[in-house]
Amino acid sequence: MDLSYTPEERAFQHEVRTWLKRNMPKRDPAERPLDFHEPERVARAKVWQRKLFEAGYVAMGWPREYGGRGADVMRQTIVNEEMVRARAPGLIGMMGIQMVGPTLITHGTEEQRRRHLPKILTAEDIWCQGYSEPGSGSDLASLRTRAEMRGDEFVVNGQKVWTSNAQFADWIFCLVRTDPEAPKHRGISYLLIDMKTPGITVRPLVQMTGDAGFNEVFFEDVRVPRANVVGGLNDGWTIANATLFHERNMLGSTTRTQQVFQGLLRLARTQGRGGRLACADPAVRRRLADLAIRVETMKLEAYRQLTDTLRGRPHGISASVSKLVTTELNHDLAEAALDILGSYGPLARGNRRARDGGAWPLDFMFTLGLIIGGGTSQIQKNIIAERGLAMPRELRA
Amino acid sequence: MDLSYTPEERAFQHEVRTWLKRNMPKRDPAERPLDFHEPERVARAKVWQRKLFEAGYVAMGWPREYGGRGADVMRQTIVNEEMVRARAPGLIGMMGIQMVGPTLITHGTEEQRRRHLPKILTAEDIWCQGYSEPGSGSDLASLRTRAEMRGDEFVVNGQKVWTSNAQFADWIFCLVRTDPEAPKHRGISYLLIDMKTPGITVRPLVQMTGDAGFNEVFFEDVRVPRANVVGGLNDGWTIANATLFHERNMLGSTTRTQQVFQGLLRLARTQGRGGRLACADPAVRRRLADLAIRVETMKLEAYRQLTDTLRGRPHGISASVSKLVTTELNHDLAEAALDILGSYGPLARGNRRARDGGAWPLDFMFTLGLIIGGGTSQIQKNIIAERGLAMPRELRA
Amino acid sequence: MIDFGLSEDQEALQRAAREFLAAECPPSLVRDTAEAPGGVPRGLYAKMAELGWMGLAVPESHGGLGLGTLELAVVLEELGRVAAPGPFLSTQLVIAALMRAGSPAQRRAWLPRLVSGQAFATLAYLEESDRHDPAGIALRARRTRDGYSLAGAKLFVLDAPGADLFLVAARTRAGAGPAGVSLFLVPREAAGVRVRPEETIDLTRRVGELVLGDVTVPRAALLGGEGKAWPPLERLLDLGAIGIAADSLGGAERALEMAVDYSKTREQFGRKIGSFQALKHMAAEIVAEVEPARSLVWYAAYAFDHRPREAARAATIAKARLGDVYARTVRRAVEMHGGIGFTWEHDLHLWFKRARWNRVAFGYPDHHRERLATIDKY
Amino acid sequence: MIDFGLSEDQEALQRAAREFLAAECPPSLVRDTAEAPGGVPRGLYAKMAELGWMGLAVPESHGGLGLGTLELAVVLEELGRVAAPGPFLSTQLVIAALMRAGSPAQRRAWLPRLVSGQAFATLAYLEESDRHDPAGIALRARRTRDGYSLAGAKLFVLDAPGADLFLVAARTRAGAGPAGVSLFLVPREAAGVRVRPEETIDLTRRVGELVLGDVTVPRAALLGGEGKAWPPLERLLDLGAIGIAADSLGGAERALEMAVDYSKTREQFGRKIGSFQALKHMAAEIVAEVEPARSLVWYAAYAFDHRPREAARAATIAKARLGDVYARTVRRAVEMHGGIGFTWEHDLHLWFKRARWNRVAFGYPDHHRERLATIDKY
């Protein structure tokens, strides 16, 4: 075990830290990370990703020929750490960087890689994900959006839902049914679709927070070149599972969690409660300590997973554990903040008396969405029990 | 709504209170209620029940012809309340009073009633319950103890388990399979068996607490008169369900819970913790308050259920809710005590430094047994969801 | 004879209220009211007043129905069930204050309008410190020749935007204890009164800040004795706590119902999701919290009228418990719905957010737990 | 380069320890030891000493294996996995104290015997107040002409019944703060030393009260500087906390394994009970607590040797978390077993009870949460 950096890594860390200090855009404290609902913020976010990319800090592990740096995982980890420390804004192109990119690197054609990877990095192309459908949530494989082959093209009809960022995305990666006769996991393909193609309609799906980050995406006779299939025809389920793993990792990241805990601590140190500061109340102190311990656990666990990656060991079900634990933890952090805030807790965004710009109640709801999205807590527990512990499978149709 | 007593009820309450003050035996504070493992304690407990009966305070609602008083539910409730208040020892014949007795009153023959009911009241006959088997726990209906008809007798072979008090019981009421060909719920009968019958062996099953309250009961060619079936042949499942309801009510009673909470409070008021009394610690205070609220909830809920009884309304799933909530609550009370006790918590019975005679860690284990016994928490939740909310039934064999 | 349940009349009231509100207060009305200024669904309130609800707990001699706090709780439970907007509870608190401590003139001036639904009222007691004890009342009321002058701000005032009358807690003598707290009736139109809306996430409530810019009121505006208002105010807060607890009970019941209903229609993996044990147990755990909690609400309402020595304790218990139970219930209800429960389009979030406000209104759960510890002398 | 995992050597040690203990420390040995006086399974300890475990963290120059706290934690995790009885951890604490602050003479006198497994030792610091801070040490050590005289009692002394040597914390100057705390090496055979067994529910531990009836020790019995022992003692308590955390980790893993294994064989309703979602989710929730907790133990052990400024924080976090996790795990494991898990006959209760003792040893979870709040300056 060794948790110290090499001299080179330390020098790199210093370089990143200095760069961030000089280049980081000012942030509205009420602005929630990864929540892009105003066009102006989208534009700013693209500029920021581009800048980070030019500095060499985006997807550093990707091969050089596609715009990456071929760097080791440690470098990327250092960048991520420094971005958290600096409270830098999140990357708008995350869906491309964390999900499509790695999928294309592993399963894509050379043409697909050359076409898409560089623009993912520069934020020229923003991607969104077309997996869930109104009738297919936890049971994703029951999806019904159909892609029929006509000549050299697919004709796509159907509907996707919960599509974050579709309102400004340039491309969507979709799971579509290409063989309706096959067993449900076997007739699915992974398809890349240009969002400007005629026949695509995006309808915002407003969340309970009032934000419109999600969308429904309707496909009506949408024509997609055959070359846009990733991997083999009807191989989509396997490929998607590899990508889902990335998603769980992303959602489960401890990055945001550490920032949120720091915010909670600041709140407890400044908010009065029953005539004294919240952090002077022994019950509050112990609750904070308990949350701190859970945050620390997930931070160290991320190091352990990183080490497994570095050693080339399989992760097993650790992505599911992280997803389960981290989303619940984030929700609990927000709830602790609301409890500390008392009557100030429910004050909405925009209210001048609201603490931290009214971010806490929104975060409380937003994190409940994370518990549900990307595989609910129930689904993660099924995976942990069935894949991790080899307990007998549930009877499912 | 009216929570005040009539003048008659108040007079009766006064009478009971006075009687208890004069007649109650001295109690060892470390003695846990309903836990009879020493012969001497069994004898003392029989004397106590007899005395209570002679005063007219046992099973007051039973018909006069069988030794009851034909009294209304309120009278019995007042007695129960006063017994809690006085911290009177529990009744050793509870299994007979709460389970067999009511079953015989509803389903028994006149002969069965006359033979058994009076001796249940006087504690001359102590009853135990033969339901569970090693292979049939939650899935009780899969039981395999067989009773074959030979002439006017049944010949019983098989094994029961978790049989409380079998070591000194005079009678056992059993579920036995009388028709192995019928669907599993339909071939079961409810049988009364004299524990002195040849072929019965009782083997103590020591609990994790070290107490031997449970037993295994083995039946080897045990001959039982046909007249000992209660209700119709093969009707045992229906009858047992009525009895199970009584059991849930009994286990779920809030009587014991209130006493335990008072004990916890005394502990918090006297036990030092980190340099001050535990009850001066705000976090401990709030935890106690939270437990007090749950205790109060179940106390009032018992009044509500009583009122439903008085009004002749169906209880629905309230017995399952009570069982679930009260057993978990009792376990949480014991855990709170252990947390307050710090290093003193794990000290065992008999240790001179152990608080309350070492009752708390035992209670912590004992209550876990209550969570599991008489239908686990999982089974209660199934019942609440399926019977109470009409959610679709689980696929079961 | 213990009779711990609703009487036939009370059950009839409950049924009637449920039917009436199912028809008259659908989620669409709740949403429309959220968009409208003032936050009072006038049509609904006119009908509620016709049914006599506004004067439910007012003696018949004063034009009311002459019922008690338990009946009030029954109606509040039903209002909570439909997440009804508007100043029902707030107005009831001021009516209770008038009945308890109001002078004949004060009653004459306000009761008829409040009981008939022509005017609404609310209690303004919290300030920046957000304290629910006497120390929370710092706003000074200074004696003038003819009356008093009040200056300062009251925060988190429920239904302030639609209120015509404010019952304001202020200090007529410096200090932080109970002595010196007074209550004043301040009409909305008094010079210097300003209401600034305080938007919360709860779309079903209107909360506001009451800004008093040197508001002058006559001596007759004083409700009860000068400096002696803490005990009646504390009792009003108990009534508020009971009211919110009842509302929470109804809301939790409804949220559970919605989740269970959904689980019986939604299919995944070729099964109704309600057949999965995980969902069944989640629902069962909610039942095991919500069902017994009803007894707490009933008892608190009963004790408020009939057991003065236990009233504060019962109110505090009901509020603490229901604050937790409602919040946990809606959280689980959203989870049982999955993604759809997280949308603005689905109605469930109306209850989800109301539960957050209910949790803190009239004292957050920890406040009440500490209060219980004090009452029970831990 | 971050390398947050065991090295190949450490993994080999882990495998070897697991195999060794599976063979040499079955539940039957644990039960037999519980019946035997003294509580030391001599045969097992002789073999452990042969493997070098008793001197695992002792430099090779002193006859040990020269390994670190992480290796110690690896072994302790395996000992916890089999619920091993005996004074391993206690002896390690005293060895650590000797290595850190012992004089050459003290080391010469005790190290060889402790490292070879011929003698065992333990730390005696708690008293009636059950405080884990400096105020908990009230027992006075008075200067005599040649040394010190100690009178009083130390409570909850782990492995006291089998110990040959006690490291006793006492006060050489009156007060309640850190200054004035001293450590003394008191041999079992010193005149006036008496050990009174303190029976706990944990069948795998032997706890005792150390009664010091005017025990006179020479000046050379003082370990480290007079009155300056709080910092090294606090560090020992951190080591103890890490040790118990590691033990808890192993125990929780084993309890989970037992429950999952059982759920795959037991049938009810014609199905393996492990196919019921309720049991699967219970097991999954345990995994989600236990798996990530391993990182806390590793980091605390690593920090103890390599990150002095973070060592106390990491130890406190590991102890607080594992105390909770172990207790919750065994509780759920019993539930997953149903009735059989509640019997004396089934082995599970050995872990269930050990978890209760582990929870309070070297500071109960709330103590450590408060300590973390203080360290992090909330």
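Residues numbered from 1 in each chain as written. Chains lettered and ligands numbered in written order. Predicted model: local features only at pLDDT ≥ 70, side-chain atom pairs only at ≥ 80, totals over all residues. Heavy atoms only, no water.

Participant: Requested: an account of the domain arrangement of chain C, with residues and values cited.
Facilitator: All names here are of chain C. Here the domain parsing of chain C yields domain 1 (8-118), domain 2 (122-226) and domain 3 (231-375). Listed as interface residues are 16 residues of domain 2 and, on the opposing side, 17 residues of domain 3. Viewed at the interface, domain 3 and domain 2 are joined by one salt bridge. Between Asp 247 and Arg 205 there is a salt bridge, with the nearest N and O atoms lying 3.6 Å from each other. Taken together, the connections running from domain 2 to domain 3 amount to three residue pairs in polar contact (both at pLDDT 80 or more). Only strand S4 (165-171) and strand S5 (181-187) provide two or more residues apiece to the side of domain 2 that touches domain 3. (Domains from an automatic or database assignment. Contact = heavy atoms within 4.5 Å. Salt bridge = Lys/Arg side-chain N within 4 Å of Asp/Glu carboxyl O. Polar contact = N/O pair within 3.5 Å; in protein donor to acceptor, adjacent residues only side chain to side chain. Helix = DSSP H or I, 4+ residues; strand = E, 2+ residues; numbered from the N terminus.)

Participant: With reference to specific residues and values, describe the relation of the copies chain D and chain C.
Facilitator: With an RMSD of 0.0 Å, the operation that places chain D on chain C is a rotation of 180° combined with a shift of 0.0 Å along the axis. The two molecules are tied by a two-fold rotation axis, judged by turn and shift. Mapped onto chain C, 100% of the interface residues of chain D are again interface residues, and the two copies thus contact each other with one and the same surface. (Least-squares fit on C-alpha atoms with pLDDT ≥ 70 in both.)

Participant: If you had to explain the interface of chain D and chain C to someone new, which residues and values would you point to?
Facilitator: Each side of the interface is counted separately: chain D has four residues, and chain C has four residues. Interface area, chain D with chain C, both sides summed: about 310 Å², of which 52% is carbon and sulfur. Counting every contact that joins chain D to chain C gives zero salt bridges. Looking at side-chain class alone, the side of chain D that touches chain C contains two nonpolar, two polar and no charged residues. (Buried area = accessible area lost by both parts, 1.4 Å probe. Nonpolar A, V, L, I, M, F, W, Y, C, P; charged D, E, K, R; others polar.)

Participant: For the interface of chain A and chain D, give the residues involved together with the corresponding values.
Facilitator: Interface size is often expressed as the accessible area that is lost when the parts come together. Opposite the 49 residues of chain A that make contact, chain D presents 50 residues. Inspection of the region where chain A meets chain D yields eleven salt bridges. Across the pair Lys 381 of chain A and Glu 285 of chain D runs a salt bridge, and its minimum N-O distance is 2.7 Å. Put simply, chain A and chain D have 22 residue pairs in polar contact (both at pLDDT 80 or more) between them. For the side of chain A that touches chain D, the secondary-structure elements that each account for two or more residues are helix H7 (254-270), helix H8 (282-310), helix H9 (318-341) and helix H11 (377-388) of chain A. The dominant element in the side of chain A that touches chain D, judged by the number of residues it contributes, is H8 of chain A, at 19 residues. Looking at the side of chain A that touches chain D residue by residue, the class counts come to 27 nonpolar, six polar and 16 charged.

Participant: So what about the environment of Met 391 of chain A? Which residues, and what values?
Facilitator: Locating Met 391 of chain A in the fold gives a position in the segment after H11. In the structure, Met 391 of chain A is positioned 264 residues away from Trp 127 of chain A in sequence and 37 Å away in space, judged by C-alpha atoms. Apart from the residues lying within four places of it in its own chain, the contact partners of Met 391 of chain A are Ala 385 and Glu 386 of chain A together with Val 260, Ser 263, Lys 264, Gly 274, Leu 279, Lys 280, Ala 283 and Met 336 of chain D.

Participant: Account for the packing of aromatic side chains, with residues named and values stated.
Facilitator: For any pair of aromatic rings, the description consists of the separation of the ring centres together with the inter-plane angle of the planes. The final tally for this structure, using the stated rule, is 39 aromatic pairs over all chains. Centroid distance Tyr 45 of chain C to Phe 120 of chain C: 5.5 Å. Interplanar angle 85°. Geometry classified as edge-to-face. Of the two residues, Tyr 45 of chain C is situated in helix H3 (residues 42-50) and Phe 120 of chain C in the loop between helix H6 (104-115) and strand S1 (121-124); the sequence distance between them amounts to 75 residues. This pair shows no difference in class: Tyr 45 of chain C is buried, exactly as Phe 120 of chain C is. One aromatic cluster is present, built from ring pairs that chain together Trp 127, Tyr 131, Trp 171, Phe 173 and Tyr 190 of chain A. Its guanidinium or amino end placed over the ring of Phe 276 of chain C, Arg 271 of chain C lies 3.9 Å from that ring's centre, counting from NZ or CZ. When the ring centre of Phe 364 of chain A is taken as origin, the NZ or CZ atom of Arg 356 of chain C, which lies over that ring, is 4.4 Å away. (Phe/Tyr/Trp six-rings, centres within 6.5 Å; stacked < 30°, edge-to-face > 60°. Buried < 20%, exposed > 50% of the residue type's maximum accessible area, 1.4 Å probe, protein only. Lys NZ or Arg CZ within 6 Å of the ring centre and 35° of its normal.)

Participant: Requested: an account of the pattern of salt bridges, with residues and values cited.
Facilitator: Side chains bearing opposite charge may pair, as long as their charged atoms lie close to each other. Residue and element names in this part refer to chain A. Enumeration over the complete set of coordinates arrives at 137 salt bridges over all chains. The residue Asp 125 makes a salt bridge to Arg 115 at a minimum N-O spacing of 3.4 Å. Of this pair, Asp 125 sits in the loop between helix H5 (110-122) and strand S1 (127-130) while Arg 115 sits in helix H5, and the two are ten residues apart along the sequence.

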